[in-house]
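Architecture and fold: a report
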Amino acid sequence: MIISLIGYMGSGKTTTGKDLAKAIGYEFVDLDEFIEQKYQTKIPEIFAAEGELGFRKKEREALHEILTNTNIVLSLGGGTPVYYNNMEEITKNSVSFFIRVQLPQLVKRLENKKETRPLIAHLTNDELTEFVAKHLFERNQYYEKAKYTINVSNQSTLQVLDQIM
Ligand code: S3P
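This report concerns the structure included in the present document. Keep in mind it's a predicted model, so treat the numbers as computed, not measured.

Procedures and definitions
Residues numbered from 1 in each chain as written. Predicted model: local features only at pLDDT ≥ 70, side-chain atom pairs only at ≥ 80, totals over all residues. Heavy atoms only, no water. Axes fitted to C-alpha atoms, helices over the stretch in contact; angles between N-to-C directions. Helix = DSSP H or I, 4+ residues; strand = E, 2+ residues; numbered from the N terminus. Parallel < 35°, antiparallel > 145°, perpendicular 65-115°, else oblique. Left-handed = near helix turned anticlockwise from the far one by under 90°. Contact = heavy atoms within 4.5 Å. Nonpolar A, V, L, I, M, F, W, Y, C, P; charged D, E, K, R; others polar. Salt bridge = Lys/Arg side-chain N within 4 Å of Asp/Glu carboxyl O. Buried < 20%, exposed > 50% of the residue type's maximum accessible area, 1.4 Å probe, protein only. Core = buried A, V, L, I, M, F, W, Y, C linked by side-chain atoms within 4.5 Å. Phe/Tyr/Trp six-rings, centres within 6.5 Å; stacked < 30°, edge-to-face > 60°. Lys NZ or Arg CZ within 6 Å of the ring centre and 35° of its normal.

Between helix 3 (residues 43-66) and helix 4 (residues 86-93), whose axes approach to 11 Å, the crossing angle comes to 15 degrees. Here helix 3 is positioned roughly parallel relative to helix 4, judged by the angle of their axes. As for the relative orientation of helix 3 and helix 4, their crossing is left-handed in sense. Together, Arg60, Leu63 and His64 of helix 3 and Asn86, Glu89 and Ile90 of helix 4 make up the contact between the two elements. Tallied by class, the residues present in the contact of helix 3 with helix 4 amount to two nonpolar, two polar and two charged.

Before going further, it helps to spend a moment on the pattern of salt bridges. For the structure on display, the rule yields nine salt bridges. For Lys38, the salt bridge is made with Glu65, and the minimal N-O distance between the two is 2.7 Å. Of the two residues, Lys38 sits in helix 2 (residues 31-39) while Glu65 sits in helix 3, which places them 27 residues apart along the sequence. Lys38 sits in the partly exposed class, given a relative accessible area of 37%. Connected through shared salt-bridge partners, Glu52, Arg56 and Glu59 make up one network.

Within the largest apolar cluster, 45 residues are counted, with the highest numbers of intra-cluster contacts made by Leu5, Tyr8, Leu74, Val132 and Ile164. The dominant element in this core, judged by the number of residues it contributes, is helix 3, at seven residues. Non-local contacts of Leu5, meaning those with residues more than four positions away in its chain, are made with Lys13, Thr16, Gly17, Leu20, Val73, Leu74, Ser75, Leu76, Phe97, Ile99 and Ile164.

What follows covers the side chain of Gln105. Mapped onto the elements, Gln105 comes out in helix 5 (residues 103-110). Its relative accessible area of 18% is what places Gln105 among the buried residues. Not counting the four nearest positions on each side in its chain, Gln105 is found in contact with Val152, Ser153 and Asn154.

With that settled, the discussion passes to the packing of aromatic side chains. A full pass over the atoms with the stated rule returns three aromatic pairs. Look at Phe98 and Tyr143: their rings are 5.2 Å apart centre to centre, the planes differ by 40 degrees, and that puts the pair in the tilted class. With Phe98 in strand 4 (residues 95-101) and Tyr143 in helix 6 (residues 125-143), the pair connects residues that are 45 residues apart, well separated along the chain. Across the pair, exposure class does not vary: Phe98 and Tyr143 are buried alike. In this structure, Lys58 is placed above the aromatic ring of Tyr39, and the distance from its NZ or CZ to the ring centre is 4.7 Å.

Set out below in structure tokens:
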């Protein structure tokens, strides 16, 4: 079985995924890390050299490859469910969880973590709220196709893990 974690940047998919994998004895795979290893390039460099479209093509191929595995916890990128028919493939081949974090908390978490994320790296902290709000409005319809939704407000990672279990 593949367990996939879906959600916006900064929602804690990677941290939660690592803990979940450990708890159930599955291997952990982070899609962004997989892409960086596969292509020997950092995500911001892919965006700079090939634009977002180039990144999305690589992301699509990597996703397709990973979904042939079994017994893994897969943490997806914030935009993965939105492109091509990725969400259909994700729901067909994995048990999917949408980690839903409220807007103010997401923005707070992202304020100091913008540099490695090309879509928000150029924004000031003031611009961030408006950008994330609009982005979530567009993306939630894809995220909501996940099999389960985990609502996170102020829970610790451990409590989030508990809810998934
Ligand atoms: C993106 C999210 C990032 C990464 C890329 C694009 C997005 O992953 O894939 O910067 O479109 O939301 P995280 O959600 O792990 O930050």
